[in-house]
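This is what each chain is made of:
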Amino acid sequence: MKILVFSSLAYSLVNFRGALLCRMKDAGHDVVAVAPDDDPAVSAWLRERNIEFRIISMNRTGMKPLEDIRTLLGYVMLILKERPGLILAYTQKPIIYGGIAARLTGNIPFYALMSGLGYLFSPDGSKPGIKRSIFLRLYREGVRRAIKIFVFNRDDHEDMVSAGIVDRSQTVIQVPGSGVDTQYFVQQPLPAGAPHFLMVGRLMRDKGVYEFLEAARAVKAEYPDARFSILGRAEVFNPTGISKDDIPRLQSEYPVTFLEETTDVRPYLAQSSVFVLPSYYREGLPRTILEALATGRAVITTDMPGCRDPIEAGVNGLIVPPQNAEALVAAMRSFLDHPEQAQEMGEKSRAIAEAVYDVGRVNDILTGHMGLQHMAGSAPTNATLTQERQVAPQI
């Protein structure tokens, strides 16, 4: 069977869906990965694994009708050319316009992978308005004929029903996020010395960057040896983004080191004692948390959909209210006053990663529900996800 996979960014095809693409290829299917940008590293990675790559233009941020129509027409033309037996789309615009294009071209079997509800379901973007109303209507049209809709956390289904995106008759299945490669992200010993708190995420207000900064300043005054770092990509076009120009000022005002973008977060996780994600963005299930679990790190995160799902409070991490720097201070202080917690919770984190969130288990669920298990008579391919896996920052 030929499968089209629609994405909104090329690097995500490898960093978030690489194992799934390889699983489908190994099962004997012809896989065509689709993105709006030409990333040479991604296209080379896909080519080495005999996965085809196509580019369909897309404006990733905001609603621009002419450009969105161009994306829809691009999807329609690609479907008519490739004649796939199945389409899988993830992230908002590929789901919306991929789902509509699948209907326009003969109701091609369409599956939607909702990796998160995004900005318009976060506090800053959830206020009623024309933009939100249009977006919800488009989302509803995109998934109206989806055979199955996959979500990453226990809240998204009810919120989609409440918003009118889906109704009770549609099949919505919760899966454990994108999963994490527990052979690539191996358990690491805790570093010596005072605790090092690491945040990994895009530099956006609603990822909790400012709460982390404020908490770091308060904790540093009480515990001078404590260390704090943020690893993330600056965001220029996002409504809540923090630009590169802001970083020197923030670094001078707060006792936090801003780390450069990287193609491999493992060394930074290994150098950390506790992972922190104080997000109030509407996450699906942050893979940064899953990578921290696999590395054997305790986690501090917020009581928000997606963020709280992989954390058993008091077992493998602590959960704090969103947008509450004081609560974040208290959680950090707990690890400083009781340093044995990081080791004990880190052990639990690794066990949870292996038992629940291993990428192989996740992809078994996805391919099973889509009927994409090994095809009779097909031979295994060389589409493995082992060496040189990272081609872009996992943030």
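Structural data are supplied above this passage.
Rules and cut-offs
Residue numbers run consecutively from 1 along every chain, following the written order of its sequence. Local features in this predicted model are restricted to residues of pLDDT 70 or higher, and side-chain atom pairs are both shown and tallied only at a pLDDT of 80 or more, whereas totals for entire chains, interfaces and linings draw on every residue. Hydrogen atoms and water are omitted, and side-chain values are computed over all heavy atoms in the structure. Counting from the N terminus, the helices are the DSSP runs of H or I reaching at least four residues and the strands are the DSSP runs of E reaching at least two. Any two residues whose heavy atoms approach within 4.5 Å are treated as being in contact. To define a nonpolar core, start from buried Ala, Val, Leu, Ile, Met, Phe, Trp, Tyr and Cys residues and group those joined through side-chain atoms within 4.5 Å. Each residue is assigned to one of three classes by its accessible area relative to the maximum for its type, calculated with a 1.4 Å probe on protein chains only: buried under 20%, partly exposed between the two thresholds, exposed over 50%. Two strands are said to pair when DSSP picks up at least two bridges between them. A fitted line through C-alpha atoms represents every axis, and for helices the fit uses only the stretch in contact; the resulting angles, taken between N-to-C directions, go from 0 to 180 degrees. A pairing counts as a salt bridge when a side-chain nitrogen of Lys or Arg comes within 4 Å of a carboxyl oxygen of Asp or Glu. Comment on the angle field: the value is read as roughly parallel under 35 degrees, roughly antiparallel over 145, roughly perpendicular from 65 to 115, and oblique elsewhere. Three classes are used: nonpolar for Ala, Val, Leu, Ile, Met, Phe, Trp, Tyr, Cys and Pro, charged for Asp, Glu, Lys and Arg, and polar for all others, with Gly counted as polar. Residues form patches when they are more than 30% accessible in relative terms and have no salt bridge. Like charges link within 9 Å. Nonpolar side chains (Val, Leu, Ile, Met, Phe, Trp, Tyr) link within 5 Å. Here the accessible surface of atoms and residues is derived via Shrake-Rupley with a 1.4 Å probe, and residues count as covered only by protein chains that are part of the display. The arc in question is the one traced by the directions running from the helix axis out to the C-beta atoms. We call a crossover right-handed when, viewed with the strands running away from us, the connection from the first strand over the helix to the second turns clockwise. Stacked, tilted and edge-to-face are the three classes assigned to paired rings of Phe, Tyr and Trp, where Trp is represented by its six-membered ring and a pair needs centres within 6.5 Å; plane angles under 30 degrees give stacked, over 60 edge-to-face, the rest tilted. Two thresholds decide whether a charge sits over a ring: the Lys NZ or Arg CZ must be within 6 Å of the ring centre and within 35 degrees of the ring normal.

1. Some words on the environment of Leu 190
Examined against the element boundaries, Leu 190 turns out to sit in the loop between strand E7 (172-174) and strand E8 (196-200). Expressed as a C-alpha distance, the spacing of Leu 190 and Gly 296, which sit 106 residues apart in the sequence, is 8.4 Å. In contact with Leu 190, not counting residues within four places along its chain, are Ser 272, Ser 273, Arg 297, Ala 342 and Gln 343.

2. Considering the nonpolar core
If you look at the biggest cluster of nonpolar residues, it comprises 91 residues, and the most contacted ones within it are Phe 197, Ile 300 and Met 332. Per-element tally for this core: the top contributor is helix H12 (residues 325-337), with 7 residues. Those residues in contact with Phe 197 that sit more than four places away from it in its chain are Phe 212, Arg 227, Phe 228, Ser 229, Val 274, Val 276, Ile 300, Met 332, Phe 335 and Leu 336.

3. What to know about the sheet that holds strand E9 (residues 227-231)
Spatial ordering of the open sheet is given by E10-E9-E8-E11-E12-E13, a layout of 6 strands whose pairing is parallel. Among the strands making up the open sheet, the edge pair consists of strand E10 (257-259) and strand E13 (317-320). For this sheet, the mean angle separating the axes of adjacent strands, direction not counted, is 20°. Packing of helix H11 (residues 287-295) onto the sheet brings it into contact with E8, strand E11 (274-277) and strand E12 (298-302), and relative to E11 it is tilted by some 170°. The strands touched by H12 within the sheet are E8, E9, E11, E12 and E13, with E13 carrying the most contacts at an inclination of about 165°.

4. Some thoughts on unusual backbone geometry
Phi at Thr 91 takes a positive value of approximately 70°, unusual for a residue other than glycine. Not every positive phi belongs to a glycine, and Asn 107 is a case in point at roughly 55°. Mapped onto the elements of the fold, Asn 107 is located in the loop between helix H5 (92-104) and strand E5 (110-114).

5. Looking at the pattern of salt bridges
Counted under the stated rule, the structure contains 23 salt bridges. Close ionic contact of Arg 168 with Glu 158 constitutes a salt bridge, the shortest N to O distance being 2.8 Å. In this pair, Arg 168 sits in the loop between helix H7 (156-163) and E7 while Glu 158 sits in helix H7, placing the two residues 10 residues apart along the sequence. The exposure class assigned to Glu 158 is partly exposed, which follows from its relative accessible area of 38%. Notably, a salt bridge pairs Arg 350 with Glu 354, separated by 2.9 Å at the nearest N-O pair. Linking Arg 350 with Glu 354, this pair stays in helix H13 (residues 340-357), spanning 4 residues, or about one helical turn. Relative accessible area serves as the criterion here: at 9%, Arg 350 is assigned to the buried category. In this structure, a network of salt bridges that share partners links the residues Lys 2, Glu 52, Arg 54 and Glu 82.

6. Structural notes on the sheet that holds strand E6 (residues 148-151)
As summarised here, the arrangement of the 7 strands in space is E3-E2-E1-E4-E5-E6-E7, forming an open sheet in which the pairing is parallel. The sheet terminates laterally at strand E3 (52-55) and E7, the two strands that pair on one side only. Taking each pair of neighbouring strands and ignoring which way they run, the sheet shows an average axis angle of 20°. Here helix H14 (residues 359-369) sits on the sheet in contact with E5, E6 and E7, set at roughly 165° to E6.

7. Observations regarding the packing of H13 against H14
Two elements in contact, H13 and H14, have axes separated by 6 Å at closest approach and are oriented at 25°. Classified by the angle their axes make, H13 and H14 are roughly parallel. In this structure, H13 uses Glu 354, Ala 355, Val 356 and Tyr 357 to contact H14, whose residues at the interface are Val 359, Arg 361 and Val 362. Grouping the amino acids of the contact of H13 with H14 by side-chain chemistry returns 5 nonpolar, no polar and 2 charged.

8. Observations regarding a nonpolar patch on the surface
A grouping of Leu 66, Ile 69 and Leu 73 is seen on the molecular surface, where their side chains present a nonpolar patch of about 330 Å² in accessible area. Here Leu 66 is to be found in helix H4 (residues 65-82).

9. A short note on the pairing of strand E2 (residues 30-35)
Most of E2 sits out of view: 5 of its 6 residues are buried. Two strands pair when backbone bridges link them, and E2 and E3 are joined in this way by 4 bridges, in the parallel orientation. Note on E3: the bridge partner recorded for Val 34 is Arg 54.

10. Points about H7
Along H7, the residues that are buried comprise Asp 156, Met 160 and Val 161. Take H7 and look down its axis: the buried residues cluster within an arc of 135°, on one side only. Looking at the residues trailing H7, positive phi occurs at Gly 164, about 80°.

11. With respect to the pairing of E8
The element E8 is extensively covered by neighbouring structure, given that 5 of its 5 residues are classed as buried. By the bridge criterion, 5 bridges tie E8 to E9 in an arrangement that is parallel. Residue pairing across strands places Leu 198 opposite Ser 229, the latter belonging to E9. Since E8 and E9 lie parallel, the crossover through helix H8 (residues 209-222) that links them has a hand, and here it is right-handed. With 3 bridges joining them, E8 and E11 adopt parallel strand pairing. Directly across from Leu 198, in E11, lies its bridge partner Phe 275.

12. Observations regarding the packing of aromatic side chains
What the rule picks out here adds up to 7 aromatic pairs. Between the aromatic rings of Tyr 11 and Phe 16, the centroid separation amounts to 6.2 Å while the plane-to-plane angle is 50°, which identifies the pairing as tilted. Overall, Tyr 11 belongs to the buried group, its relative accessible area being 10%. Look at Phe 16 and you get partly exposed, because its relative accessible area is 24%. Between Tyr 111 and Phe 150, the aromatic rings sit 6.4 Å apart at their centres with planes inclined by 15°, giving stacked as the arrangement. Of this pair, Tyr 111 sits in strand E5 while Phe 150 sits in strand E6, placing them 39 residues apart in sequence. When its relative accessible area of 7% is taken as the criterion, Tyr 111 is described as buried. The exposure class of Phe 150 is buried, given its relative accessible area of 0%. One aromatic cluster is present, formed by Phe 197, Phe 212 and Phe 228 through successive ring pairs. Sitting over the ring of Trp 45, Arg 49 keeps its end group 3.9 Å from the ring centre.

Keep in mind these values describe shape, not function.
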